[in-house]
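# Geometric and topological summary
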Amino acid sequence: MIEIKDLNKSYVMGKNSLHVLKGINLKIKEGELVAIMGSSGSGKSTLLNIIGMLDNYDTGSYHLDNVTIKDLDETKAAKYRNKFLGFVFQSFNLINYKTAIENIALPLYYQGIASKERQTIALDYLDKVGLKDWAGHLPSELSGGQKQRVAIARALASKPKVLLADEPTGALDSVTSDEVMELIIQINKEGKTILVVTHEQEVANMCNRIITLKDGVIMTDVKTK
Amino acid sequence: MIFSKDSWKEIFDTIKKNKLRTFLSGFTVAIGIFIFIVLFGFGNGLQNSFAEFFVDDKVNTIRIYPSSTTLPYRGYESNRRIEFTNQDLIEIKENFNNEVEDIVVRNTFYNQIKYKEKSNQYQVRAVSPGHREAENTILMSGRYLHEGDIEQRKKYAVIGRLVAQDLFDGKDPIGEYIFGSDHSWRVIGVFQDEGGDREERMLYVPYTAMQEIQKNSDKINQMIVIYNAEMTYDESLLLEKKLEMYIKNKKVISPDDNRGVYISNTGEQLENSNNFASVLQIVVTFIGIGTLIAGIIGISNIMVFVVKERTKELGIRKAIGATPNSIILMILQESIFITTISGYAGLITAMITLKIIGNNLQEKYFISNPYIASSDALFATLILILFGAIAGYIPARKAANIKPIIALRDK
Ligand SMILES: Nc1ncnc2c1ncn2[C@@H]1O[C@H](COP(=O)(O)OP(=O)(O)OP(=O)(O)O)[C@@H](O)[C@H]1O
Ligand SMILES: [Mg+2]
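What counts and how
Along every chain, residues carry numbers that run from 1 in the direction the sequence is written. Lettering for chains starts from A, numbering for ligands starts from 1, and both go in the order in which the items are written. The predicted nature of this model means local features are confined to residues of pLDDT at least 70 and side-chain atom pairs, given and counted, to a pLDDT of 80 or more, with totals for whole chains, interfaces and linings taken over all residues. Side-chain calculation: all heavy atoms of the structure are included, whereas hydrogens and water are not. By definition, any uninterrupted DSSP run of H or I lasting at least four residues is a helix, any uninterrupted run of E lasting at least two residues is a strand, and each is numbered from the N terminus. Each residue is assigned to one of three classes by its accessible area relative to the maximum for its type, calculated with a 1.4 Å probe on protein chains only: buried under 20%, partly exposed between the two thresholds, exposed over 50%. Should any heavy atoms of two residues lie within 4.5 Å, those residues are considered in contact. What sets the accessible areas is the Shrake-Rupley method with a 1.4 Å probe; for residues, cover comes only from the shown protein chains. Each patch is built from residues lacking any salt bridge and having more than 30% relative accessible area; the joining distance is 9 Å for like charges and 5 Å for nonpolar side chains (Val, Leu, Ile, Met, Phe, Trp, Tyr). Just to be clear on terms, a salt bridge is a Lys or Arg side-chain nitrogen sitting within 4 Å of an Asp or Glu carboxyl oxygen. When two parts are put together, the accessible area they lose, computed with a 1.4 Å probe and summed over both, is reported as buried area. Any two strands with at least two DSSP bridges between them are considered paired. Note on definitions: angles span 0 to 180 degrees between N-to-C directions of axes, and those axes are lines fitted to C-alpha atoms, for helices only across the stretch in contact. Whether a residue is near a molecule or strand depends on its heavy atoms: if one lies within 4 Å, it is near. Contacts described as polar in this section are N or O atom pairs within 3.5 Å, which, within protein, must combine one atom able to donate a hydrogen with one able to accept it, while residues neighboring in sequence count only if both atoms come from side chains. None of His or the chain ends enter the tally, which takes Lys and Arg as positive and Asp and Glu as negative. Each charge is placed at NZ for Lys, CZ for Arg, CG for Asp and CD for Glu. Handedness of each helix crossing follows the sense of rotation of the near helix against the far helix: counterclockwise by less than a right angle gives left-handed, clockwise gives right-handed. The nonpolar class holds Ala, Val, Leu, Ile, Met, Phe, Trp, Tyr, Cys and Pro. Asp, Glu, Lys and Arg form the charged class, and all remaining residues, Gly among them, are polar.

### Quick word on the overall build of chain B
- Along chain B, the regular secondary structure elements total 14 helices and 12 strands.
- By the burial criterion, 49% of the 411 residues in chain B qualify as buried.
- Put simply, of all contacts in chain B between residues at least 6 apart along the chain, 76% involve residues at least 24 apart.
- Taken as a whole, chain B presents about 20900 Å² of accessible surface, with 58% of it coming from carbon and sulfur.

### Quick word on the overall build of chain A
- Secondary structure summary: chain A contains seven helices and 10 strands in total.
- A burial count over chain A gives 55% of its 225 residues as buried.
- The contacts of chain A with a sequence gap of at least 6 include a subset with a gap of at least 24, amounting to 68%.
- Entry remark: accessible area of chain A is about 9700 Å², with carbon and sulfur atoms responsible for 49%.

### Observations regarding a nonpolar patch on the surface
Residue and element names in this part refer to chain B.
- A surface patch of nonpolar side chains, about 950 Å² in accessible area, is lined by Leu 20, Phe 23, Leu 24, Phe 27, Ile 31, Ile 35, Leu 39, Val 279, Val 283, Ile 287 and Phe 305.
- Secondary-structure elements contributing two or more residues to the nonpolar patch are α2 (19-55) and α9 (266-309).
- Here Ile 31 lies in helix α2.
- Take Ile 31: its relative accessible area is 34%, and that puts it in the partly exposed class.

### With respect to the interface of chain B and chain A
- With 29 residues of chain B in contact, the opposing surface of chain A contributes 28 residues.
- A buried area of about 2500 Å², summed over both sides, lies between chain B and chain A, and 57% of it is on carbon and sulfur atoms.
- For the pair chain B and chain A, the interface holds three salt bridges.
- The residue B:Lys17 makes a salt bridge to A:Glu102 at a minimum N-O spacing of 2.6 Å.

### Some remarks on the sheet that holds strand β1 (residues 2-13) of chain A
All names here are of chain A.
- In space, the four strands of this open sheet follow the order β2-β1-β4-β5, with antiparallel pairing throughout. For this open sheet the edge positions go to β2 (16-28) and β5 (67-68), each flanked by a neighbour on one side alone.
- Sheet analysis places strand β4 (residues 59-64) next to β5, joined by two bridges and oriented antiparallel. Note that in β5 the partner of His 63 across the bridge is Thr 68.
- Here helix α1 (residues 44-51) sits on the sheet in contact with β1, β2 and β4, set at roughly 120 degrees to β1.

### Some remarks on the pattern of salt bridges
- By the definition in use, this model includes 31 salt bridges over all chains.
- Three or more residues are tied together by salt bridges with common partners; here these are A:Lys98, A:Glu102, B:Asp13 and B:Lys17.

### Some points on the site of ligand 1
- Inspection of the region around ligand 1 gives 14 residues, with A:Ser40, A:Lys44, A:Ser45, A:Thr46 and B:Arg409 positioned closest.
- This site is not confined to one chain, since residues near ligand 1 come from chains A and B.
- A:Ser45 is positioned with one of its side-chain polar atoms (N or O) 2.7 Å from an oxygen atom of ligand 1.
- Here ligand 1 loses 67% of its free accessible area of 630 Å² to cover by the protein chains.

### Section: unusual backbone geometry
Residues and elements named next belong to chain A.
- The phi torsion at Asn 93 lies on the positive side, around 55 degrees, for a residue other than glycine.
- Turning to its location among the elements, Asn 93 is positioned in the loop between β6 (85-88) and α3 (100-110).
- The buried category is assigned to Asn 93, whose relative accessible area is 3%.

### Things to note about the sheet that holds β6(A)
All names here are of chain A.
- Reading across from one edge, β6-β7-β8-β3-β9-β10 is the order of the six strands in this open sheet, with mixed pairing throughout. Lying at the two open borders of the sheet, with one neighbouring strand each, are β6 and β10 (217-223). Sheet twist, expressed as the mean angle between neighbouring strand axes with direction ignored, is 15 degrees.
- In terms of strand pairing, strand β3 (residues 33-38) meets strand β8 (residues 193-197) through four bridges, oriented parallel. Paired with Ile 36 across the strands is Val 197, a residue of β8.
- With respect to the sheet, helix α2 (residues 74-84) is in contact with β6 and β7 (162-166), its orientation differing from that of β6 by roughly 85 degrees.

### Details of α1(A)
Residues and elements named next belong to chain A.
- When you tally the buried positions in α1, you get seven out of eight residues, the bulk of the element.
- Listing the buried residues of α1 in full gives Lys 44, Thr 46, Leu 47, Leu 48, Asn 49, Ile 50 and Ile 51.
- Positive backbone phi, at 60 degrees, marks Met 53, one or two positions downstream of α1.

### A short note on a negative patch on the surface
All names here are of chain A.
- A contiguous patch of negative charge, built from Asp 173, Asp 178, Glu 179, Glu 182 and Glu 202, is present on the exposed surface.
- Counting residues per element, the negative patch draws most heavily on helix α6 (residues 174-189), at three residues.
- When you line up the elements, Glu 182 lands in helix α6.

### A few points about the packing of helix α1 (residues 5-17) of chain B against helix α11 (residues 324-357) of chain B
Residues and elements named next belong to chain B.
- Where α1 contacts α11, the two axes come as close as 10 Å, and the packing angle between them is 65 degrees. In terms of crossing hand, the pair formed by α1 and α11 is right-handed. Only Met 330, Gln 333, Glu 334, Phe 337 and Ile 338 of α11 make contact with α1, whose side of the interface consists of Ser 7, Trp 8, Ile 11, Phe 12, Thr 14 and Ile 15.
- Classifying every residue of the contact of α1 with α11 by side-chain character gives seven nonpolar, three polar and one charged.

Shown next, in the form of structure tokens:
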């Protein structure tokens, strides 16, 4: 599903250049649930953003579902993101003036799906994350765990091939963290490929594979189950 | 899906749920249009008043006033009082027969005029019939003086609207007798004048009758030459010069004397007033353009603010599949929609305001009938909408091309 070879990424700031990812090699098969760990600043988010086409890389290669991903313009990137990827962020990133169901329906709007159908699909996913009764609520009326579950539902609504989650439990207490992780595991069991960036060992332990980054290099890559 | 029903739904949704933002940008546009139209209307109103002042008197006239000489000449001492007589009038008329339509007499007096118990001081103008044309006097009832009245020295008076109002209390004045100190006039007509109240507190009487009352004097105070309306301004200046030379020669006034006889050409006034009107026009246009620019700057600021406020939202939209074009389109569609609706609202309100103001500001501020041509108003509205769109487009394009990670960065 994901194939990365010798990938390098530097951030250039004025005269200084920061080499963040130094020759990453990575293969992720369909249906895997992978945790990416590492200390702060090790390049976890950078790697996830490149996989998610939110950022470009410098050298190496990246294939997603056998499509070469390199230097995409914003229009193409937007289309691929919509087709291949679902995002879950630490800070939820729900649109604050849209209700739960409207947030979930939004990626479907950009896929050109008709309004009625969007409603049905969105409600289905809301049901799936256990928030059917909260459809008409604004994000500000939801708890952190609920917001994250809405965000997960939104990420799933466009039927992506890969779900990318950057510290999805970072802003949640341990109980709600567990709930969200259980939801992620359940979605993975239904066949979705999922990458989770985290610095919590318990969260990582729930995944089938843990990749550890250090200073932009993969230190360990272990299968847990 | 560019202008689909769906994208409109999405926009209405955004507008509905961001009322303050919508209100702010809409209000700026509406206020911009409103101020522009009202100011522009006022400017036009000023010009209207101005035009009214100057259409009052006939413009193709040359006024001749006798005065005192300031230079000695051909044995005469200086400071000699010049006076015209009926004979002078006849001779000037004969001499300038071809260039001149009429030479009107105007001798001005101030008399106490009495009707029954009421009496008042009025200006009495002893005139010849041509004065009606020279002064654009409008007859309300009865008739004006005619040549027969002059020849027969009839003691007739045509009185101003306000004289009639003062003395007659709504009673029909025609046929009534009014009294000067030792003489009486029979009222034969009532007039009005667009030159204002002062011009309607006057009486016109035959100059010959007045001369008779003044112990058979044959003096003439002021002559008003009405020249051919087809004459150009330069031709009228030439006529003015010729008249001056003729009169100075006739009355033995030094050609170098600036006084003795004073000649003024209303054509000259017209030229001046035309210049003033065009200055006024420039000022009005300037104010209009100024408000419009202020409006455009206002909208641009609001648009930059709106887009900035939405940066994160736009980043989210992009992360879940919005293309840059769809983002730009969404912002544009929204801003054009808001500016069109509120621009139209501002336009209508301003037009209604001008209607309501109407002539209420005429007395104090010389703004009569403020108006704006609907084409001008529409043009200004379209300009604002267009610039609103451009003002929205630039930040929208910038926002649409920001990488989602940057837009989504917390902070
Ligand atoms: N847009 C950017 N411009 C410049 N430097 C960046 C940028 N994004 C990240 N960095 C730097 O790259 C390095 C890796 O950042 P990254 O966000 O990938 O780390 P991370 O492993 O996700 O850390 P954390 O656990 O704190 O989220 C850091 O030193 C960071 O300061
Ligand atoms: Mg990170």
